[in-house]
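What follows is the residue order along each chain.
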Amino acid sequence: MIAASPARIRAPNQLVDHLVIGGGPAGAMAALRLAAAGRNVVLIERENGPHDKVCGEFLSAEAVAYLHQAGIAPRQLGAVLIRTVSISAGDKLVETALPFPAFSLSRRVLDAALLRRAEENGCQVLRGVAAEAIVSRDGERLVTLGDGRSLSASTLFLATGKHDLRGYLRPPAKPTGFVGFKLHWRLAPAQVLALSERMSLYLFPGGYGGISLVENGIANLCLIARRSILRELGGWPQLLAFILRGNCHLRTLLDGATALTPRPLAISPIPYGYLAENMHGLWCIGDQAAVIPSFTGDGMSIALHSATLAARMFLAGKSAADYTAALRAQVSRQMTLATWLSRAAVTRAGRAAAFAVLPLAPGVLRWIAASTRIPSSSLIAGMGAAANGEL
Ligand SMILES: Cc1cc2nc3c(=O)[nH]c(=O)nc-3n(C[C@H](O)[C@H](O)[C@H](O)COP(=O)(O)OP(=O)(O)OC[C@H]3O[C@@H](n4cnc5c(N)ncnc54)[C@H](O)[C@@H]3O)c2cc1C
């Protein structure tokens with residue numbers, strides 16, 4: 001819902017054609033697609049420079065394909081190849097080949113590369129500029145900024161991830177009560193070798209997560225945990241100790257490793273399962289359109305896909321409502337399956353079922369990995385069609 005009563009606008013309003021709010025994968029991809037098609041685009045990103053984000057940093061084949069279309073080769077940025085996926089809990093471990101080659105790359109590097117490409121395509125990127133609110137005034141839609149200025153745009157692409165703006169209320173998703181954490185580690189050479197080409201998932205009471213290598217031999221440990229277990233244990237150090245105590249495989253991978261920051265990055269709330277419906281004329285992309293549960297889904301490829309779809313449909317003269325309906329039809333099945341898996345993974349029964357079934361049929365893991373991705377029939381090929389406004 002857009003607020004009808006405006007927040008105080010302290011400085012004259014500046015008019016722009018197309019405004020993208022948020023410079024993550026969704027915002028950057030939409031901006032570069034529109035700019036490549038010759039449109040006048042401004043993107044605002046509240047962070048001043050490259051920054052870390054809570055993310056497993058796993059790039060599926062679909063995400064990699066969209067990056068290549070945008071002229072970004074993850075390998076050249078230092079991304080490492082992931083060929084296998086394992087799941088562990090306690091002393092149990094199941095491993096299988098992924099049904100597609102994937103990569104792992106830090107968000108600090110990836111997001112910066114995407115914004116650079118948007119600029120190279122002609123988008124004006126304003127860093128360190130935060131949107132405060134979206135307001136309606138005299139039939140115009142304004143975005144007020146943290147520095148007191150305001151921008152009005154004929155088209156607004158909302159790509160602020162899990163962060164909502166004042167004046168635009170995303171309908172509340174069912175609260176999941178999860179907190180997300182991410183911490184980079186320096187490992188010993190033997191541990192780097194053990195983790196090589198592998199996304200290692202781990203389940204624990206009240207949560208689950210993954211660890212994999214990113215560029216420069218750094219390991220990314222990322223997880224979600226129920227707020228209740230975090231409270232019960234007393235905080236992050238206790239949670240990490242609890243997870244390591246309960247999982248000998250993860251303990252071996254991190255034994256003697258050095259955390260690169262004293263504290264992890266954290267994010268909460270995480271509206272898993274949220275799928276946008278009526279966005280009142282806003283083009284909501286990325287996590288503003290759909291929040292698929294982590295490690296059971298494919299958040300970045302949905303971000304890149306939704307941005308590509310939105311830009312393409314906009315250029316073809318379709319409405320934001322048409323786009324929202326198209327995206328829902330394409331991803332709702334994956335969202336349902338991923339949400340169900342995510343809920344099961346944090347229960348004792350779910351963990352028991354996983355280790356009863358997976359050792360006998362590791363193909364199930366491959367099936368899950370394939371079934372929670374964007375269907376290949378929905379993927380959009382090439383920048384040429386977007387640039388020409390074809391649909
Ligand atoms: C624990 C966890 C693990 C995950 N692991 C994976 C994974 O391994 N692989 C995967 O594909 N996906 C993963 N995801 C999902 C993935 O991180 C998101 O789906 C993806 O980042 C969404 O991209 P986005 O561009 O929509 O939002 P974001 O990447 O969040 O970008 C939003 C941008 O908007 C900016 N912004 C916010 N508010 C404002 C404002 N008011 N004004 C201006 N700028 C603003 C932010 O600074 C940010 O740069 C994970 C998510 C979590 C929580």
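**Some details on the overall build of the chain**
Here is step 1: Across its full length, the chain holds 12 helices and 16 strands.
Here is step 2: In terms of overall dimensions, the chain has C-alpha extents of about 65 × 45 × 35 Å along its principal axes.
Here is step 3: Considering the chain as a whole, with its 391 residues, one finds that 49% of them fall into the buried category.

**Brief notes about the site of the ligand**
Here is step 1: Near the ligand lie 38 residues; those nearest to it are Gly24, Gly56, Gly161, Gly286 and Gly299.
Here is step 2: Looking at the shell around the ligand, its residues break down into 18 nonpolar, 13 polar and seven charged.

**Examining the environment of proline 262**
Here is step 1: Assignment of secondary structure puts proline 262 in the loop between strand E14 (258-259) and strand E15 (265-267).
Here is step 2: The spatial distance from the C-alpha of proline 262 to the C-alpha of leucine 105 is 21 Å, given a sequence separation of 157 residues.

**Re the confidence of the model for the chain**
Here is step 1: Per-residue pLDDT for the chain has a mean of 89; in total, 91% of the residues score no lower than 70.
Here is step 2: Every residue in residues 1-11 scores below 50 in pLDDT, and together they form 29 contacts with partners more than four places removed in sequence or on other chains.
Here is step 3: In the predicted structure, residues 384-391 sits below a pLDDT of 50 and forms 18 contacts with residues beyond four places in sequence or in another chain.

**Side note on unusual backbone geometry**
Excluding glycine, residues mostly have negative phi values, and the peptide bonds linking residues are mostly trans.
Here is step 1: With an omega of -5°, the peptide bond running from serine 268 to proline 269 counts as cis.
Here is step 2: Its location among the elements puts proline 269 in the loop between E15 and strand E16 (283-284).
Here is step 3: Unusually for a residue other than glycine, glutamate 57 sits at a positive phi of about 65°.
Here is step 4: Residue placement: glutamate 57 occurs in the loop between strand E2 (41-45) and strand E3 (58-59).

**Structural notes on the pairing of strand E13 (residues 218-226)**
Here is step 1: Taken across its nine residues, E13 has seven buried, putting it largely inside the fold.
Here is step 2: As paired elements, strand E12 (residues 207-213) and E13 share seven bridges and run antiparallel to each other. Residue pairing in the sheet places glycine 209 in a bridge with leucine 223 of E13.
Here is step 3: Linking E12 to E13, which pair antiparallel, is a turn of four residues; within it asparagine 216 sits at a positive phi near 60°.

**Observations concerning the packing of helix H8 (residues 299-315) against helix H9 (residues 320-345)**
Here is step 1: Look at H8 against H9: their axes get within 10 Å of each other, and the N-to-C directions meet at 145°. For the pair H8 and H9, the sense of crossing is right-handed. Of H9, the residues touching H8 (which contributes Ile302, Ser306, Leu309, Ala310 and Met313) are Asp322, Tyr323, Ala326, Leu327 and Val331.
Here is step 2: Tallied by class, the residues present in the contact of H8 with H9 amount to eight nonpolar, one polar and one charged.

**Focus: helix H3 (residues 107-120)**
Here is step 1: Counted at 1.5 Å a residue, the expected span for H3 with its 14 residues is 20 Å, and the 20 Å between its end C-alpha atoms agrees.
Here is step 2: Along H3, the residues classified as buried are Arg107, Leu110, Asp111, Ala113, Leu114, Leu115, Arg117 and Ala118.
Here is step 3: Summarising the contacts, the buried residues of H3 are in contact with helix H1 (25-36), E2 and strand E6 (124-127).
Here is step 4: With its phi angle positive at about 110°, glycine 122 sits one or two positions after the end of H3.

**Description of the packing of H1 against H3**
Here is step 1: Interaxial distance between H1 and H3 falls to 8 Å at its minimum, and their mutual angle equals 20°. By the angle class used here, H1 and H3 are roughly parallel. The crossing of H1 and H3 is left-handed. Of the residues in H3, those in contact with Pro25, Ala28, Met29, Ala31, Leu32 and Ala35 of H1 are Asp111, Leu114, Leu115, Arg117 and Ala118.
Here is step 2: The residue inventory of the contact of H1 with H3, partitioned by class, reads nine nonpolar, no polar and two charged.

**Quick notes on the nonpolar core**
Here is step 1: Grouped together as the largest cluster of nonpolar side chains are 125 residues, with contacts concentrated most on Ala30, Ala31, Trp283 and Ala310.
Here is step 2: With 11 residues, H8 is the single largest residue contributor to this core.
Here is step 3: If we skip the residues at most four places from it in the chain, tryptophan 283 touches Thr155, Leu156, Phe157, Leu158, Ala310, Phe314, Ala320 and Tyr323.

**Some points on the environment of serine 268**
Here is step 1: Along the chain, the position of serine 268 falls in the loop between E15 and E16.
Here is step 2: Judged by the 16 C-beta atoms lying within 10 Å of it, serine 268 falls in the partly exposed class.
Here is step 3: Counting along the chain gives 90 residues from serine 268 to phenylalanine 178, while the straight-line C-alpha distance between them is 6.7 Å.

**A look at the environment of aspartate 147**
Here is step 1: Its location among the elements puts aspartate 147 in the loop between strand E8 (140-145) and strand E9 (150-158).
Here is step 2: Spatially, the C-alpha atoms of aspartate 147 and leucine 34 are 26 Å apart, while their sequence positions differ by 113 residues.

Rules used throughout
Residues numbered from 1 in each chain as written. Predicted model: local features only at pLDDT ≥ 70, side-chain atom pairs only at ≥ 80, totals over all residues. Helix = DSSP H or I, 4+ residues; strand = E, 2+ residues; numbered from the N terminus. Buried ≥ 20, exposed ≤ 12 C-beta atoms within 10 Å, placed from the backbone. Near = placed C-beta within 6 Å. Nonpolar A, V, L, I, M, F, W, Y, C, P; charged D, E, K, R; others polar. pLDDT = per-residue confidence, 0-100. Contact = placed C-beta atoms within 7 Å. Pairing = 2+ DSSP bridges. Axes fitted to C-alpha atoms, helices over the stretch in contact; angles between N-to-C directions. Left-handed = near helix turned anticlockwise from the far one by under 90°. Expected span 1.5 Å × (residues − 1). Parallel < 35°, antiparallel > 145°, perpendicular 65-115°, else oblique. Core = buried A, V, L, I, M, F, W, Y, C linked by C-beta atoms within 7 Å.

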